[in-house]
Amino acid sequence: MAAKHFAAVVMFLIVCQDLAIANPGDDFDLVILFESSDDSRSTNFVEEKRFLSRLVRQMFPSNNRIALYTFGKSTYSQFSLDMYSTPQDILQAIQYMWFSTGNGALAPAINFTIADAFQSTGGDRECTANSMLIVTHSAIIDSDQALTLAEQLVDKMVTTFILNMAGPSANLNFETLTNDSSRVIDIANWTVLQNMSLSVANSLKSDVGSTDCGRLTQWQPWTGCSRTCGYGFTFRTRQCQKENPSDKDCMGDFSENKPCFLTACTDPIDGNWAFWGNWGSCSKTCGTGLQQRARSCTLPAPANGGKACPGNNTQTKTCADYDCPNCNAPCPPGAHRSQDCKICECSSLTLNGKVMDDNSEIVQNASIFLESSKYSPLATTDEFGLFQISGVCLMNERVFISAEHCADAHITPKEVNATHWTLPDFKLDAYVPPTLTVEPEDKIRMVGQSLSLCCSGIGKPKPTVFKWYKNGIEIEDAGLNGTLYFHTTLTKGDSGTYKCSTETEAGITESREADVEIKDSGSSDTCGSPVSQLETLPSGCFVAGDVNRDNTVDIGTCGKLPCIRSSLHDNGSCSDYWPHHCCDVKIVESIGIDCVTFNYTISRVKSCECKPCMFKTVLSGRAFGRQNDTDVPLRLGDIIINGKKFATTNMGGFFKMDFPKGIRRVVATFHDPIFKKFTDVTKVIEVNEGSDTFATIVVPLKPVPIPFASNNGTEINLGGNKHTPPAAKLSIQPDSIVTADGKTFNGNVKASLHFMDPRNRDDMDAANGNFESEGPDGSKVPLSTFGMFKFDMTDDNGTDLTVNKPLKFSLDASLFDVPLDENGEPQLSVWNYDQNKGTWVEIAKMKKNPVVTGRKLLAASETYIVDYRQPVIPILDQYNQRTVTNQIITGYTNCDHSVPIYGYKTVTIREPKAGACFVSVSVYKDLTLKQTYDAGDIEIKTYVQNPGSTSYIGTSSIKVLRNGHACIPTLCQKNVYIHVVRNSKERLYPGKHYLPHPGYITQTKDNEILFVSNDVGSHFDKSSPLYTPNTLFKGPMFQLADKFSCSRLTALDNHFTFKFAPFTKTPTLNTVAGIGNYDAKKAWYPVSPASVTFRSCFMKLRVKVTDAADLRIIATSFIQDTKGDQFGSYDVGPIPDPRKDDITMRGACFEFRCPGLINDGNNFYMNYSTAVKVQLLSSSNFKCQMREVKNGLNVQPIQDPTKGDIGLIFTAEPGNNYGSKYGVFVEDKTPKETEQFCNSGVNFGRNLDGMMNPFSNAAAFFDCTK
């Protein structure tokens, strides 16, 4: 009897060896191809079922799927992968499988099964390794046929195993099929096969093929409890491992958490107020009653003897301040008092009216009262703002109108005829949330001096009441008319962080925080001794005379820190009336530095003094859009601030703006008036007050207009492309289009709609502002987004149009992880962008859509829908506090999830809520991580995703660092990506992060890290050399309630933080005479930077090096020649092009002392040349040769590799401005600007982006190899 033919197909991921229930990603798909031909079924059919049953049992328990195929003359599917979900059902189905009649060849059966089984329509799951097991008594005779099948298996990424019962002669083609001889196993008979089920299952599990998806690792151990006392959380994490960078992201959670409790807390906890609740109902319906609102001392509650919250827990205000109905009050002749005595009834009179606001917007649902009867409305306005009241007497009456988001109005009706009355033209004043125009400033004082902190604001209504806070705690009954004044009683205890808040009917806002520092009195100023600043010298260099040959030197610094002299006294003004004072150099000394083959001089600060210094806040940057991975500059674009044109971008998209003292936050709109390629976008930019800040502005490109007829309306799909479905839909109602003066428009409409798709990172970058709103107390709270859109409409002539009926916005719920409340409704709102404040304002709640339409967008799953009107927020003129209503800004509308604010409480919590958090990021000068980076050209960028999702729900950025540290708003328990960028595009490198436990970071790619934002609270770090018992380290995540403690940290403080640094140390300029000394013979700059004759000079080198990350270039400037007096030196490390992967080719731009003018304090000397000695130094054993030098330069090579003496001497001649073709840049610009010219290799044109391009116009080229 012929032996039975048998085959099996298997696809799976690794299963846990202890057979525990698998985690997502551990399951696999098993497809069994089974021959039941006529000539073997009666003898071996029972044996075959027994082997299959044993094999199936070895694959469970798990989340596996199994399918069964059989073949005789033809191949059939007994059941597909998605038909049965339990091993019991699969085993029963095996017992009921039927014979496939006839006899057939093995190869066609394999070919059919490959094509049919591994399809998503048959239940095959993405990101699962595919394996095939073939048990056969037949051979594949045709070698070409075996090769064709093998190619199909490779294309499907299938790992193939064969149990060979056809004899040794079949092995050659079977090895072709499996591509591995170890996967071909000879089976002598059916008895042997029965005993092989466990061995076969283990082989399949241990030899799993690759996929194009990442794989989740095993869980890391649980962390310690996040709180050393009280209730906290413990976490565990895992990572997504990818064999190739192009692999898909892992599906499933990267973190898990559970509550923990170690011991009860005993330390005193001071109480803090929670947010005010809503106002309660009025105690009376008329005759003046009272309303109350309350707050609780629970954020946190006082415990263990801690202080109670200061002040009252309730607020009271009057309400219903109108007279009660008077049944004896007279009515006009012919009228009578209504039965409830509220009004006089005149049956023949009718009042008609229309209510609009001062933005020419229709006001819907406005309540209409008589001024004498405010008990209940007589009518409400409809969707067109219209109302009608009949049977009410209007003689000697005024109409009272009340509407949400508007100020109340009292209007005298006008008689039209004997029976009809109307309201004259009027407009309600639309509320405008308060915006602070004056905010408290940082101040420094001595004990016994005085100071003033001020807050003032604008809005409708105008804010008049302000609250003050110190270190986050409200100061009860403090301040008068927005001014907090300290008389001559200041003590060191008054030091702290202060802020104010104000609340009106339109909303609440709070100021920035101001640092107040009170120093000891008794000296002439507050500067004191220089602050230590360690400088790492190049390899092989040390301070002359240092027997230890230490390569670090303390050069000291005054830090340009704000200061005050004892002779300066506050006069009660909001800003200090005297010029800005800072700690600057008083006396410097020269220090000789000896290297192996040369020496040079640097300066060290000996003393500091407080004196007037230049205080200039400069914001520069570049605005551009992204199209097909290419940057498109915003050319000649307007930058609008406070409703006025403030600056213009150049042809490369670059801009530069100066701001007065007190500006730390800029809300700027970028507009394309000339080329009209871009849609307006508003950005919130944090600036580094008193110094330079560089900002990268991504502007959305303008979409193609969508035409429609105004009388028909239209529906517009939002987002998506040929690879992804639309995310949402916007519906515009018929006959809802109006002109600027509110008249109905009939005709063709062109709608330009830009949708910010959260699945696209470029869209996130081009979104308005940061994703944050204001909490109940006015503090900033992050939002998670599910999309954002802006749309503008014009007629055929380009005239602006708007809508006067609600828009309908619907979101496809299947594409996003939308949170639901206890009633199953989405926790989603529609938000509008307030360009005055740079925050999002909630305008409407979303809800489930009960209607399922036939449109493709809505048919896939449930949708969430909302009707809303897009409010118009007028620009507020912050210079004269006058409201400008003639310019209308149509802002973005954002469909966001408002994140609840939460903190830990001493009660059992089963699961933490997702909410507002901050992440600690530290930036250093280089990867030694010893010195903090404080320049204003850094931007820390985060992108946030829900675990398991590829859509971004938010992004944030910080451009201002405090002592190298920043706290960045984000969301808890999400996947967070972080990278740090310098000068627009140069990504800094991740350093050795200091984190609570291994595995905190799940991925590092392209200098960007991915982690799960779990708050692990405070931890001991016993691995740290800083560890001492009972010393806790916080971070890197901080709760919203811990924002203050996070914001006070520096990069050098002991806490968990993410660390980044540039490729090499920031260039250092060491001058002999001091940087601010302009009238000394050895002065680096002979005139002040403010002088019209000021110049700065740079030279560019290109260096090819395969290693030597510590390679430094020391450029020392001398008068006339290298034997002359020394001006100083410039220390710089070559860096690669940040836009390229190749780091072997690097460039370096170094500053040298410009030739020409010398000022010794008494006389000016012209026509002096400058000799620049350039040395290449590194601890690595490398040899360098100068391969090229630009023609026309006076350059002498320094070439003695045996002594390690490598470099050049360049003589810069006076009167020669050189230029880019020489690689020498002499410009009447600031050193920063000239350096950007040098980096780019050009001083004009579109290639001027300030980024290092080693190949563009270098003066000389050095080739260095180890």
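In what follows, the structure referred to is the one given above.
Residues numbered from 1 in each chain as written. Predicted model: local features only at pLDDT ≥ 70, side-chain atom pairs only at ≥ 80, totals over all residues. Heavy atoms only, no water.

Draft legend 1. Highlighting the pairing of strand β32 (residues 514-519). Side chains A514, V516 and I518 project from β32 onto a buried face, and the interleaved D515, E517 and K519 project onto a face without burial. Pairing geometry for strand β24 (residues 443-446) and β32, over 4 bridges, is parallel. Directly across from R445, in β32, lies its bridge partner I518. Sheet topology note: the strand β30 (residues 496-504)/β32 ladder contains 3 bridges and is antiparallel. Across the sheet, Y498 pairs through a bridge with A514, a residue of β32. (Buried < 20%, exposed > 50% of the residue type's maximum accessible area, 1.4 Å probe, protein only. Helix = DSSP H or I, 4+ residues; strand = E, 2+ residues; numbered from the N terminus. Pairing = 2+ DSSP bridges.)

Draft legend 2. Just the state of the cysteines, in detail. Summed over the entire model, instances satisfying the criterion amount to 17 disulfides. Between C286 and C324 runs a disulfide, and the two sulfur atoms are separated by 2.0 Å. Handedness here is read from the sign of the S-S torsion; for C286 and C324, about 100°, the answer is right-handed. Here C324 lies in the loop between β13 (314-319) and β14 (336-337) and C286 lies in the loop between β11 (255-261) and β12 (289-294), a separation of 38 residues in the sequence. Overall, the relative accessible area of 38% leaves C324 in the partly exposed class. Disulfide pairing is shown between C1097 and C1154; the S-S distance is 1.9 Å. In this structure, the disulfide formed by C1097 and C1154 twists by about 120° around the S-S bond and is classed as right-handed. Of the two residues, C1097 sits in strand β76 (residues 1096-1104) while C1154 sits in the loop between β80 (1145-1152) and β81 (1156-1159), which places them 57 residues apart along the sequence. (Disulfide = S-S within 2.5 Å.)

Draft legend 3. Main features of helix α7 (residues 197-206). S197, V200, A201, L204 and K205 are the residues of α7 that are buried. The buried residues of α7 occupy one face: seen down the axis, they fall within an arc of 135°. (Arc of directions from axis to C-beta.)

Draft legend 4. The arrangement of the pairing of strand β38 (residues 617-627) in detail. Among the 11 residues of β38, 8 are classified as buried, and the element is accordingly described as predominantly covered. Looking at chain direction, β38 and strand β42 (residues 654-659) are connected through 6 bridges and run antiparallel. Within β42, the residue paired with R622 across the bridge is F654. Pairing geometry for β38 and strand β39 (residues 630-633), over 4 bridges, is antiparallel. When the bridges of β39 are listed, R626 appears paired with D631.

Draft legend 5. Main features of the packing of helix α3 (residues 106-117) against helix α4 (residues 143-155). Interhelical geometry of α3 versus α4 gives an angle of 15° and a closest axis separation of 11 Å. By the angle class used here, α3 and α4 are roughly parallel. Relative to α4, the crossing made by α3 is left-handed. Of the residues in α4, those in contact with A107, I110, N111 and I114 of α3 are Q145, L149, Q152 and L153. Classifying every residue of the contact of α3 with α4 gives 5 nonpolar, 3 polar and no charged. (Axes fitted to C-alpha atoms, helices over the stretch in contact; angles between N-to-C directions. Parallel < 35°, antiparallel > 145°, perpendicular 65-115°, else oblique. Left-handed = near helix turned anticlockwise from the far one by under 90°. Contact = heavy atoms within 4.5 Å. Nonpolar A, V, L, I, M, F, W, Y, C, P; charged D, E, K, R; others polar.)

Draft legend 6. Quick peek at the sheet that holds strand β20 (residues 409-411). Strand order in this open sheet of 4 strands is β17-β16-β19-β20, and the pairing throughout is antiparallel. Edge positions in the sheet fall to β17 (379-380) and β20, since each has one partner strand and no second. The sheet contact formed by strand β19 (residues 399-402) and β20 spans 3 bridges and is antiparallel. Residue pairing in the sheet places I401 in a bridge with A409 of β20.

Draft legend 7. Representation of the packing of aromatic side chains within the structure. For the coordinates displayed, the defined rule picks out 17 aromatic pairs. Residues Y577 and W578 carry aromatic rings whose centres are separated by 4.9 Å and whose planes lie at 75° to one another, so their mutual orientation is edge-to-face. In this structure Y577 comes out as partly exposed when scored by relative accessible area, which is 49%. Geometrically, the ring pair formed by F1210 and Y1218 is edge-to-face, given 5.8 Å between the ring centres and 70° between the ring planes. Per residue, the accessibility class of F1210 equals that of Y1218, and both read buried. Among the aromatic side chains, those forming a connected cluster through ring pairs are F1152, F1210, Y1218 and Y1222. The aromatic ring of F615 is capped on one face by K661, whose charged end is 5.8 Å from the ring centroid. (Phe/Tyr/Trp six-rings, centres within 6.5 Å; stacked < 30°, edge-to-face > 60°. Lys NZ or Arg CZ within 6 Å of the ring centre and 35° of its normal.)

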